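Tertiary structure, described
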Amino acid sequence: MFNISKKSDKIEDFWNWFSLHENEFRNSGDPTQSDEYLSIILEQGRKITEGLALELEPPKNEVIRMTISANGDINLFPIVEKIVEKAPKINGWSFVAFRQRLPESKVKGMILKTDEFVLNPNEIKFKPITNGEDLEMVIFA
């Protein structure tokens, strides 16, 4: 007996899932303020392929921007482009391939804070170390 069912498209499956649930994310307040929402979306995105990064920006003009990134893995660039190309038009959402360069005005004064550390770029130095094609950095804070 032959299986004649159409093979599932993981990207279409993701967008179908997202379309069914996006109201929950948008109507629950600012989904960018909860790691829970991003984790749920990321879990579904990783069903397409491992290594994807997803970011949500706070609503601007009532539109939440989701960035889908290859997280620096050049091998994932084509799949990221395909994911965004297949994104449905959904009111209140925009979908962007790859992290976009920030204007210098937004980068100045940017500080990285964690529970344990505060890294201010104006107060740290780094030393690049090359090893063949690899680049490592030692950060002095």
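Scroll up a little and you will see the structure.
Rules used in this analysis
- Residues numbered from 1 in each chain as written.
- Predicted model: local features only at pLDDT ≥ 70, side-chain atom pairs only at ≥ 80, totals over all residues.
- Heavy atoms only, no water.
- Patch = residues over 30% accessible without salt bridge, like charges linked within 9 Å, V, L, I, M, F, W, Y side chains within 5 Å.
- Areas by Shrake-Rupley, 256 points an atom, 1.4 Å probe, with all protein chains shown as cover.
- Salt bridge = Lys/Arg side-chain N within 4 Å of Asp/Glu carboxyl O.
- Helix = DSSP H or I, 4+ residues; strand = E, 2+ residues; numbered from the N terminus.
- Buried < 20%, exposed > 50% of the residue type's maximum accessible area, 1.4 Å probe, protein only.
- Arc of directions from axis to C-beta.
- Phe/Tyr/Trp six-rings, centres within 6.5 Å; stacked < 30°, edge-to-face > 60°.
- Pairing = 2+ DSSP bridges.
- Axes fitted to C-alpha atoms, helices over the stretch in contact; angles between N-to-C directions.
- Contact = heavy atoms within 4.5 Å.
- Core = buried A, V, L, I, M, F, W, Y, C linked by side-chain atoms within 4.5 Å.

Turning our attention to a nonpolar patch on the surface. Together, F126, L135, M137 and I139 make up a nonpolar patch on the protein surface, roughly 460 Å² of accessible area in all. With 3 residues, strand β7 (residues 134–140) is the largest single contributor of residues to the nonpolar patch. Among the secondary structure elements, I139 is positioned in strand β7.

When helix α2 (residues 35–45) is considered as a whole, its buried residues turn out to be Y37, I41, L42, Q44 and G45. Buried residues of α2 fall within an arc of 160° about the axis and therefore sit on the same side. Among the exposed residues of α2, those oriented more than 90 degrees off its buried face are D35, E36 and E43.

Quick look at the pattern of salt bridges now. Using the criterion set out here, one finds 4 salt bridges in the structure. Linking D9 and K86 is a salt bridge whose minimum nitrogen-to-oxygen distance equals 2.5 Å. Here D9, found in the segment before α1 (10–27), pairs with K86, found in the loop between α3 (77–85) and β3 (93–97); they are 77 residues apart in sequence, far enough to count as distant. For D9, a relative accessible area of 22% gives the class partly exposed. The salt bridge involving E12 is made with K86; its shortest N-O contact spans 3.8 Å. Taken as a pair, E12 in helix α1 and K86 in the loop between α3 and β3 lie far apart in primary sequence, 74 residues in all. With a relative accessible area of 36%, E12 lands in the partly exposed category. Each of D9, E12 and K86 takes part in a single network of salt bridges with overlapping partners.

So, about the packing of aromatic side chains. For the coordinates displayed, the defined rule picks out 13 aromatic pairs. Ring centres of F18 and F95 lie 5.7 Å apart, and the angle between their planes is 85°; this geometry places the pair in the edge-to-face category. You can see F18 sitting in helix α1 and its partner F95 sitting in strand β3, a full 77 residues away along the chain. Of the two residues, F18 and F95, both sit in the buried class. Three or more aromatic residues joined by ring pairs make a cluster, and in this case those are F14, W15, W17, F18, F25, Y37, W93 and F95.

The next thing to look at is the sheet that holds strand β2 (residues 64–69). Spatial strand order, β1-β2-β3: 3 strands in an open sheet with mixed pairing. A single partner strand is all that each edge strand has here, and the edge strands are β1 (53–56) and β3. Strand-to-strand, the axes of this sheet are offset by a mean angle of 20°, without reference to chain direction. Of the strand pairs in this sheet, β2 and β3 are connected by 5 bridges, and their pairing is parallel. Counted as the bridge partner of R65 is S94 from β3. Along the sheet face, α2 touches β1 and β2 and points at about 145° away from the line of β1.

What follows deals with the nonpolar core. If you look at the biggest cluster of nonpolar residues, it comprises 26 residues, and the most contacted ones within it are W15, F18, I41, M66, I68, W93 and F95. Those elements that place two or more of their residues in this core are α1, α2, β1, β2, α3 and β3. The element contributing the most residues to this core is α1, with 6 residues. Those residues in contact with F95 that sit more than four places away from it in its chain are W15, F18, M66, V84, A87, P88 and I90.

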